[in-house]
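# Per-entry structural report
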Amino acid sequence: MTAEEGHDGAQYLAGSPVRVAILRTLREEPRRPAALTDAVDATRTTVQRILAGFRERDWVVKRDAAYRVTLTGARVHDAYEALLTEVERGERYGRFAATVERVGVEFPPAGIPDSDLTVASDQNPLAAVDRLTELLRESHDADIRAVSPVVIQQFNDAAAAALDDGASVELIIDRDVVDASVAEFGPATDRALDDDDAEVYVSADPIEYGLFRCDEVACVTAYDDRNNPRSVLESTDRTVVEWVDDAFESLRDDATRLSSVVERA
């Protein structure tokens, strides 16, 4: 089969939801035309026409009055379903990928299939913030690593609660976040300076994405151009975990301790 013939076959199958439904139904078990008509809610004429098209392509055979998929038909079905899965995944994860790529983050594509994604929406604009807060509050007596381009009271409260429960926190922020913290969140800044279990580092360069790492969980947060958290990719996949660890350590190596940046009154 040539590439052109393969394209024609794919175009033929994708050109009708009923064709897909019939092939999917036959992939499950052989059916007679009358049973197919009921299963896919199509007319007998439509079903017969599609079956004829499948037979021309050797996707099905007729045996004992029932149609069944051939090995070729099964492979076509499985490949098409895999394509649909990838397209759906692309639609869901595409905005996350585009957002982190916009700020120069080379996130490993291999980490996407086994990751969960929390996405902010018009109905729930704080979904990403709430998920990160939940992860912080669940981090009892654990080692937390985080990178954040923003300072939010909700994050400060959750981090304080984690420290109270015995967690240790390493946090990397940029100079804008330091200035906002000093101006608006004095008690949180003081605790970051005084608590032995909190280590805060300041990046000389602006930070445009977020990281979170605790136990076996690693997260990458995508922010919009107004620094609002839009989506949180969460995973225990080793590809993601190792990437987050490397990214954190690279940022920390180039950062300065908060105590060297902030002058105490």
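### Some details on the side chain of Glu-170
Tracing the chain through its elements places Glu-170 in strand S5 (residues 168-174). Within the local environment of Glu-170, its side chain forms a polar contact with the side chain of Arg-252, the two groups lying 2.9 Å apart.

### Considerations on the pattern of salt bridges
Per the stated rule, a full pass over the model turns up 16 salt bridges. Of the charged contacts in the structure, one is a salt bridge between Glu-234 and Arg-131, with a shortest N-O distance of 2.7 Å. Of this pair, Glu-234 sits in strand S9 (residues 229-235) while Arg-131 sits in helix H6 (residues 127-137), and the two are 103 residues apart along the sequence. One exposure class covers both Glu-234 and Arg-131, and it is buried. The residue Asp-245 makes a salt bridge to Arg-213 at a minimum N-O spacing of 2.8 Å.

### A short note on the packing of aromatic side chains
The final tally for this structure, using the stated rule, is five aromatic pairs. Aromatic pair Tyr-12 and Trp-59: ring centres 6.1 Å apart, planes at 55°, arrangement tilted. Within this pair, whereas Tyr-12 is found in helix H1 (residues 3-14), its partner Trp-59 is found in the loop between helix H4 (44-56) and strand S1 (60-63), the two being separated by 47 residues in sequence. Accessibility assignment for this pair places Tyr-12 and Trp-59 in one class, buried. Relative to Trp-59, the ring of Phe-54 lies with its centre 5.5 Å away and its plane at 45°, an arrangement referred to as tilted. The buried category is assigned to Phe-54, whose relative accessible area is 0%. In this structure an aromatic cluster arises from ring pairing among Tyr-12, Phe-54 and Trp-59.

### Brief notes about the domain arrangement of the protein
Frequently, the measure chosen for interface size is the accessible area that the parts lose on association. Under the domain assignment used here, the protein contains domain 1 (3-80) and domain 2 (105-263). Each of domain 1 and domain 2 has a C-alpha centre, and the two are 50 Å apart.

### Some words on the pairing of S9
The buried count for S9 comes to six of seven residues, which makes it a mostly enclosed element. Bridge count for strand S3 (residues 116-119) against S9 is four bridges, and the pairing is antiparallel. Bridge pairing in S9 links Leu-117 to Leu-233. Counted between consecutive antiparallel strands, the loop separating strand S8 (residues 217-223) from S9 contains five residues, among which Asn-227 sits at a positive phi close to 65°.

### Concerning the pairing of strand S7 (residues 209-214)
Side chains on a regular strand alternate between the two faces of the sheet. Of all the six residues making up S7, six are buried; the element is thus mostly covered by neighbouring parts of the structure. Residues Tyr-209, Leu-211 and Arg-213 line one face of S7 and the alternating positions Gly-210, Phe-212 and Cys-214 line the opposite face, and both faces are buried. Relative to S7, strand S4 (residues 143-147) runs antiparallel, the two sharing four bridges. In the sheet register, Arg-145 faces S7, and the bridge partner there is Arg-213. Relative to S8, S7 runs antiparallel, the two sharing six bridges. Pairing of Leu-211 across the sheet is with Val-220, part of S8. Connecting the antiparallel pair S7 and S8 is a turn made up of two residues, with Asp-215 showing a positive phi of about 50°.

### Some thoughts on helix H7 (residues 153-164)
Over its twelve residues, H7 runs 16 Å from end to end, which matches the ideal 16 Å to within 8%, given 1.5 Å per residue. Taken together, the buried positions of H7 are Phe-155, Asn-156, Ala-158, Ala-162 and Leu-163. Taken down its axis, H7 places every buried residue within 170° of arc, on the same side. Those residues of H7 that are buried are in contact with H6, S4, S5, helix H9 (186-194), strand S6 (198-203) and S8. A positive backbone phi angle near 100° is found at Gly-166, which sits one or two residues after H7.

Conventions used here
- Sequence order as written defines residue numbering, which begins from 1 separately in each chain.
- Since the coordinates come from a predicted model, pLDDT governs what is reported: local features require at least 70, and pairs of side-chain atoms require 80 or more to be given and counted, while whole-chain, interface and lining totals use all residues.
- Side-chain metrics rest on all non-hydrogen atoms present in the structure, leaving aside hydrogens and water.
- Under the DSSP-based scheme used, a helix requires at least four consecutive residues in state H or I and a strand at least two consecutive residues in state E, with every element numbered from the N terminus.
- N or O atoms closer than or at 3.5 Å make up a polar contact, with two conditions inside protein: a donor-capable atom paired with an acceptor-capable one, and, for residues adjacent in sequence, both atoms drawn from side chains.
- By salt bridge we mean one thing: a side-chain nitrogen of Lys or Arg within 4 Å of a carboxyl oxygen of Asp or Glu.
- Burial classes follow relative accessibility: with a 1.4 Å probe on protein chains only, a residue under 20% of its type's maximum area counts as buried, one over 50% as exposed, and anything between as partly exposed.
- Here is the rule: rings of Phe, Tyr and Trp (six-membered ring for Trp) pair when centre to centre is within 6.5 Å. Planes less than 30 degrees apart are stacked, more than 60 are edge-to-face, and the remainder are tilted.
- Note that the domain bounds reflect an automated or database-derived domain assignment.
- At least two bridges found by DSSP between two strands are what make those strands a pair.
- The span expected for a helix works out to 1.5 Å for each residue beyond the first.
- Directions pointing from the helix axis toward each C-beta atom define the arc.
- Contacts are assigned to residue pairs that have any heavy atoms within 4.5 Å of one another.

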